[in-house]
Amino acid sequence: MRGFYIGRFQPYHDGHHRMVREIVSEVDELVLGIGSAGHSHSRRNPFTAGERVMMVTKSVAEFDCTSYVVPIEDLDRNSVWVSHVQSMSPSFDVAYSNNPLVIQLFEEAGVEVRQSPMFNRDVLEGTELRERMIEGGDWRHLVPDPVVEVIREVGGIERIQRVSETDTNGA
Ligand SMILES: Nc1ncnc2c1ncn2[C@@H]1O[C@H](COP(=O)(O)OP(=O)(O)OP(=O)(O)O)[C@@H](O)[C@H]1O
Ligand SMILES: NC(=O)c1ccc[n+]([C@@H]2O[C@H](COP(=O)(O)O)[C@@H](O)[C@H]2O)c1
């Protein structure tokens with residue numbers, strides 16, 4: 001059985017990683033969708049699709065599960081989004097998400113959806129991690145080690161601090 005898990009992963013953090021740990025115990029193969037792939041260099045979406053591919057690929061390497069990482073761009077039409085996802089991804093039997101819109105769109109398209117609990121959500125939230133990065137706070141212990149290294153390699157902290165000076169468009 002092949003599973004599909006989509007997120008923006010801005011950045012990929014320990015909540016995502018815990019969810020992936022549970023998913024790989026249920027499936028033979030996993031597709032990780034990098035959502036909003038065309039977005040980067042903003043306060044809400046600081047990292048490029050390629051940078052997020054690196055974060056996710058290196059982090060899930062610790063699991064003994066064949067994994068595919070697939071960037072997925074947004075569409076203006078929710079009604080055809082599931083078809084768009086299916087056209088970009090290896091075929092899958094079950095989708096994993098805690099996002100209400102994603103769950104609704106997959107269910108309406110007849111795709112089985114499984115949810116997980118939210119793990120340590122007070123700190124394991126992309127918005128919270130990005131705020132800590134901007135303010136020079138402590139975030140490194142809340143992401144897998146390869147994510148720390150990718151963000152260092154791409155100058156991610158300097159970038160999010162610079163773009164957030166001018167980008168007031170959401171957190
Ligand atoms: N701490 C967590 N525990 C379990 N699932 C999580 C956790 N954080 C996010 N998720 C789920 O992972 C998927 C991808 O989430 P996403 O990349 O938007 O992260 P996020 O932490 O919610 O970030 P943001 O604050 O940027 O929206 C969604 O289904 C989301 O509900
Ligand atoms: N119409 C669309 O393009 C559409 C619809 C539903 C979800 N999505 C994307 O799926 C991803 C869902 O991930 P999150 O759970 O991290 O929000 C996001 O990148 C979101 O933009 C896109």
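Residues numbered from 1 in each chain as written. Chains lettered and ligands numbered in written order. Predicted model: local features only at pLDDT ≥ 70, side-chain atom pairs only at ≥ 80, totals over all residues. Heavy atoms only, no water.

Draft legend 1. Region of interest: the site of ligand 2. The environment of ligand 2 is formed by 13 residues, the closest being Arg8, Ser36, Asp74, Leu75 and Asn78. Taking Ser36, its side chain carries an N or O atom lying 2.7 Å from an oxygen atom of ligand 2. The fraction of the free accessible surface of ligand 2 (490 Å²) that becomes covered by protein chains is 83%. Breaking the shell around ligand 2 down by element, the ones donating at least two residues are β1 (2-7) and α4 (100-108). At three residues, the largest contribution of residues to the shell around ligand 2 is made by α4. Among the residues making up the shell around ligand 2, the classes are represented as six nonpolar, five polar and two charged. (Near = heavy atom within 4 Å. Polar contact = N/O pair within 3.5 Å; in protein donor to acceptor, adjacent residues only side chain to side chain. Areas by Shrake-Rupley, 256 points an atom, 1.4 Å probe, with all protein chains shown as cover. Helix = DSSP H or I, 4+ residues; strand = E, 2+ residues; numbered from the N terminus. Nonpolar A, V, L, I, M, F, W, Y, C, P; charged D, E, K, R; others polar.)

Draft legend 2. Local environment of the packing of helix α3 (residues 81-88) against α4. Closest axis-to-axis distance for the α3/α4 pair is 9 Å, and the angle between their directions is 85 degrees. Relative to α4, the element α3 lies roughly perpendicular. Residues Trp81, Val82 and Val85 of α3 touch α4, and the partners they reach there are Val102, Leu105 and Phe106. (Axes fitted to C-alpha atoms, helices over the stretch in contact; angles between N-to-C directions. Parallel < 35°, antiparallel > 145°, perpendicular 65-115°, else oblique. Contact = heavy atoms within 4.5 Å.)

Draft legend 3. Molecular detail of the site of ligand 1. As a structural note, the neighbourhood of ligand 1 is formed by 21 residues, with Tyr5, Arg121, Gly126, Thr127 and Arg130 the closest of them. At 2.8 Å, a side-chain N or O of His13 approaches an oxygen atom of ligand 1. Within the contact set of ligand 1, a nitrogen atom lies 3.0 Å away from a backbone nitrogen or oxygen of Leu124. Notes on ligand 1: free accessible area 600 Å², of which the protein chains cover 91%.

Draft legend 4. Here's a closer look at the sheet that holds strand β5 (residues 112-114). Ordered by their spatial adjacency, five strands build an open sheet running β3-β2-β1-β4-β5, and the pairing between neighbours is parallel. Where the open sheet ends on each side, the last strands, each with one partner, are β3 (66-71) and β5. Put simply, the sheet's adjacent strands are angled 25 degrees from each other on average, direction ignored. The strands touched by α4 within the sheet are β1, β4 (94-96) and β5, with β5 carrying the most contacts at an inclination of about 155 degrees. (Pairing = 2+ DSSP bridges.)

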